[in-house]
Amino acid sequence: MSAAKAADAQARALSKRAADAIRALAIDAVEAAKSGHPGMPMGMADVATALFSRHLKFDAADPHWPDRDRFVLSAGHGSMLLYALLHLTGYEDMTLDALKRFRQLGAITAGHPEYGHALGVETTTGPLGQGLANAVGMAMAEAHLRAAYGADLVDHRTWAIVGDGCLMEGISQEAITLAGRLKLNKLIVLWDDNAISIDGAVSIADVTDQRKRFEACGWATFACDGHDPMSIEAALEAAKASDMPALVACKTVIGYGAPKKAGTKSAHGEPLGAEEAAAAKAAYGWTHAPFEIPEEIYAYWRAAGARGRSERAAWEARLAAHPQRDAFEARLDGVVPDAAFAALRAHAEKMAETKPAMATRAASGAALEAMFASCDSLIGGSADLTGSNNTFVKNTAIFSADNYAGRYVHYGVREHGMAAAMNGMALHGGVIPYGGTFLVFSDYARPAMRLAALMGVRVIHVMTHDSIGLGEDGPTHQPVEHLASLRAMPNLAVFRPCDAVETAECWALALARMEGPSVLALSRQATPTLRGDAGDNKSARGAYELLPADGEAKVSLFATGTEVAIAVAARALLQAQGTPTRVVSVPCFELFEAQDEDYIAAVIGEAPAVAIEAGVAQGWSDLIGPCGFVGMWGFGASAPAKDLYTHFDITPEAVVEAVRDLIGG
């Protein structure tokens, strides 16, 4: 054998042992936890070894390097694949002890990867398909920032590993069609094509030709033997050279090496068991104790983890000399320019002075117009409802394959894909995404909204047509339970402003809220401007007294959105009848609940209370205590908005009647 062939054989053997180290760690961690999914890491170890050792641009010493490649494990149940890679390549916090505590309380090695728990985990995955759509959003953010700042600062790929389940989920279709239309050629998806799901063979539930499906959506597709390093290498190189987003179908065996369970559903979601685990390791020729890695394997992997160090150093030098360095770093830090907040304050003051009667969706569009030019990081869009959501700012360039510098995305009728892509954009950094749809369609977007709340990332959902006030489209489109449902989600701020002043204030609060997502619930129908002042952002406290009682209050009316105007009209009737009445506007439950006890007590007051909202009652008594309620008790109907409010007894007169029922008189 020639020296070259001998060296090649030695390199192949070392690469195989490096992959076997991933398999061994996955087996050991799942056995120790007595739960987990060993089969996917065992099957994809060879592909992951090729990716991390030769293709992925990263430096384990700096997990936050802005120009690193992004890696998303969409098949999050195979989390030990990622954790093993992070440990082996030298991520500081991913110690052997962390692997030994896989799936234990307080460990950074959660059952599914969780953003913010461990360095190198780019997003929280587990609900299948979400990671794929996150990866699309990351690739969109990369393309936009590259167009804005040049390839000297932004030039990286996004890689995602997906499983059969990810591709069966409906969100995958939304994600891949969006990516195909946008020609995101720096997005590469590696499909773990093992033909097994929890119930058994994929063929019992799905016969889709995934390569043809992706090709029909504007992707290039390639295939490889997921256990042959040369085949894997050729496919990855071809994918990198593509001028389209690329799918690599990696034919693998789930539970590779396990003599009885390989290629079966039994390898998917349960420990192999001591006997099968030992037999699998024997098949690999792995003779080491649990969690023991030989030094030569550590050396191989640590070299892989440091492979991008010189490239990072060169990038840092370019950044230091770049004329846009300060602006670039501010965007990556998520800084909203003071000018944007100043523009919103000036706009709110103008609204307070001119007092227009307008739908809050129109007020939102006006607020966007006022500050959009002052905040370059904002990238908007809508799920095919641009004119209805008022999310487009005049003269804004469209984000497209021809112009990645554009700041408005036509997402099409893809609410779920839009929400998940926005999560990916926010996670990537450098952009603040907002997207529009009808509030009722939050049901389509909800899984991605929940993950944004879990991760604590800033995403702004502009959700219009927020009640029966949308009118003739009827109960299919009229949200009734949605406000209560969204308020039940931890770490989601739900804003429902009452007028143009509050709308501007709520936009400022959503922009400033870096710790989680926000919803702006906005009306289709016009409502008067009730605020005559805009000096302080009163919405920031979640609830505040809009109008005091004339004298000692006998009743307090609490309301949100367009129903605040109904509360104001009811107050006039009650006071004319000798019942001093105060009105409290409640634009955000979550912010109100975060106030100190004294403020909350002062706003709630001691008088009996009636809540008014064109939705269900859930949540109100938890917020303000026992109260009367004027609102919805079932689904809506198809009719003009004014007729619906009368039909469902959400009127000033109905409020007066509710007060009389509560306090007598």
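Note: the structure precedes this text.
**Some thoughts on the overall build of the protein chain**
And step 1. The secondary structure content of the protein chain amounts to 26 helices and 20 strands.
And step 2. Expressed as lengths along the three principal axes of its C-alpha atoms, the size of the protein chain is roughly 105 × 55 × 45 Å.
And step 3. For the protein chain, buried positions account for 60% of its 665 residues.
And step 4. Contacts in the protein chain between residues at least 24 apart in sequence constitute 78% of all its contacts with a sequence separation of at least 6.
And step 5. Within the protein chain, one finds 56 positive and 78 negative side-chain charges whose respective centroids are separated by 4 Å.

**Quick look at the pairing of strand β18 (residues 581–585)**
And step 1. Of all five residues in β18, five are buried; the element is thus mostly enclosed.
And step 2. Of the two faces of β18, both are covered, the one formed by T581, V583 and S585 as well as the one formed by R582 and V584.
And step 3. Across three bridges, strand β16 (residues 544–547) lies against β18 in antiparallel orientation. Paired with E545 across the bridge in β18 is V584.
And step 4. Of the strand pairs in this sheet, strand β17 (residues 555–559) and β18 are connected by five bridges, and their pairing is parallel. Bridged to S556 within β18 is R582.

**Examining the sheet that holds β18**
And step 1. Spatially, β16-β18-β17-β19-β20 is the arrangement adopted by the five strands of the open sheet, whose pairing is mixed. Each edge of the open sheet carries a strand with a single partner, namely β16 and β20 (628–631). Direction aside, neighbouring strands of the sheet carry axes that sit 30 degrees apart on average.
And step 2. Helix α23 (residues 597–604) rests against β16, β17 and β18 of the sheet, and its axis sits at about 130 degrees to β18.
And step 3. In this fold helix α26 (residues 652–663) packs onto β17, β19 (609–613) and β20, with an angle of close to 150 degrees to the strand it touches most, β19.

**Considering the sheet that holds strand β12 (residues 460–464)**
Sheet strands pair by backbone hydrogen bonding; their relative direction is either parallel or antiparallel.
And step 1. Across the sheet, which stays open at both edges, the six strands sit in the order β10-β9-β11-β12-β14-β13 with parallel pairing between neighbours. Looking at strand neighbours, the two that pair on one side only are β10 (408–410) and β13 (493–495), the edges of this open sheet. Adjacent strand axes in the sheet meet at a mean angle of 20 degrees when their direction is disregarded.
And step 2. Note: strand β11 (residues 432–438) against β12, five bridges, orientation parallel. If you follow G436 over to β12, its bridge partner there is V462.

**Remarks on the packing of aromatic side chains**
And step 1. This structure, assessed with the given rule, holds 16 aromatic pairs.
And step 2. With centroids separated by 5.1 Å and ring planes inclined at 70 degrees, the aromatic side chains of Y149 and F328 adopt a geometry described as edge-to-face. In this pair, Y149 is assigned in helix α5 (residues 130–149) and F328 in helix α13 (residues 325–332), connecting sequence segments 179 residues apart. Like F328, Y149 is buried.
And step 3. Between F629 and W633 the ring centres are 5.4 Å apart and the planes differ by 85 degrees, which places this aromatic pair in the edge-to-face class.
And step 4. On the basis of relative accessibility, which here comes to 68%, the residue W633 falls in the exposed class.
And step 5. An aromatic cluster is built from F52, F58, F71 and Y91, whose rings are joined through pairwise contacts.
And step 6. Just above the ring of Y284 sits the side chain of R23; from NZ or CZ to the centre is 5.6 Å.
And step 7. Against the face of F372 rests R407, its NZ or CZ located 3.7 Å from the ring centre.

**Side note on the pairing of β12**
And step 1. The buried fraction of β12 amounts to five of the five residues, a majority that puts the element mostly inside the structure.
And step 2. Judged by which residues are buried, β12 turns out to be covered on both faces: I460, V462 and T464 on one side and H461 and M463 on the other are all buried.
And step 3. Taking the sense of rotation as the criterion, the β-α-β connection linking β11, helix α18 (residues 442–455) and β12 turns out right-handed.

**Concerning helix α2 (residues 39–55)**
And step 1. Its 17 residues give α2 an end-to-end C-alpha distance of 24 Å, which sits within 8% of 24 Å, the value for a rise of 1.5 Å per residue.
And step 2. A maximum bend of about 55 degrees is found in α2 at A45.
And step 3. Most of α2 sits inside the fold, with 16 of its 17 residues counted as buried.

**Comments concerning the environment of G269**
And step 1. Along the polypeptide, G269 turns up in the loop between β7 (246–251) and α10 (274–284).
And step 2. A C-alpha to C-alpha distance of 68 Å links G269 and G578, two positions 309 residues apart in sequence.
And step 3. Once you skip the residues sitting within four places of it in the chain, G269 turns out to touch G36 and H37.

**Focus: the pattern of salt bridges**
And step 1. Counted by the stated rule, this structure contains 29 salt bridges.
And step 2. The residue E505 makes a salt bridge to R531 at a minimum N-O spacing of 2.6 Å. Placement of E505 in helix α20 (residues 500–512) and of R531 in the loop between β15 (526–527) and β16 is noted, with a sequence separation of 26 residues between them. Of the two residues, E505 and R531, both sit in the buried class.
And step 3. Between E515 and R513 there is a salt bridge whose closest N-O contact spans 3.8 Å.
And step 4. Put simply, D59, D62, R309, R312 and E316 are held in one network by salt bridges that share partners.

**Topic: the packing of helix α21 (residues 563–576) against α26**
And step 1. Between α21 and α26, the least distance of the axes is 8 Å, while the angle of their chain directions is 60 degrees. One finds that α21 runs oblique with respect to α26. Handedness of the α21/α26 crossing: right-handed. In this structure, α21 uses I566, A569, A570, L573 and L574 to contact α26, whose residues at the interface are P652, E653, V655, V656, V659 and R660.
And step 2. For the contact of α21 with α26, the per-class residue count stands at nine nonpolar, no polar and two charged.

**Thoughts on the nonpolar core**
One recurring pattern in soluble globular proteins is that nonpolar side chains are buried together.
And step 1. M140, L184, L190 and W301 are the most contacted members of the largest nonpolar core, which totals 129 residues.
And step 2. Counting 45 residues, the second largest nonpolar core, distinct from the first, contains V555, W620, F629 and V630.

How each quantity is defined
Residues numbered from 1 in each chain as written. Predicted model: local features only at pLDDT ≥ 70, side-chain atom pairs only at ≥ 80, totals over all residues. Heavy atoms only, no water. Helix = DSSP H or I, 4+ residues; strand = E, 2+ residues; numbered from the N terminus. Buried < 20%, exposed > 50% of the residue type's maximum accessible area, 1.4 Å probe, protein only. Contact = heavy atoms within 4.5 Å. Lys, Arg positive; Asp, Glu negative; His and termini not counted. Charge placed at Lys NZ, Arg CZ, Asp CG, Glu CD. Pairing = 2+ DSSP bridges. Axes fitted to C-alpha atoms, helices over the stretch in contact; angles between N-to-C directions. Phe/Tyr/Trp six-rings, centres within 6.5 Å; stacked < 30°, edge-to-face > 60°. Lys NZ or Arg CZ within 6 Å of the ring centre and 35° of its normal. Right-handed = clockwise from strand over helix to strand, strands pointing away. Expected span 1.5 Å × (residues − 1). Bend = angle between axes of the 7 residues up to and from the residue. Salt bridge = Lys/Arg side-chain N within 4 Å of Asp/Glu carboxyl O. Parallel < 35°, antiparallel > 145°, perpendicular 65-115°, else oblique. Left-handed = near helix turned anticlockwise from the far one by under 90°. Nonpolar A, V, L, I, M, F, W, Y, C, P; charged D, E, K, R; others polar. Core = buried A, V, L, I, M, F, W, Y, C linked by side-chain atoms within 4.5 Å.

Just distances and angles here, no functional claims.
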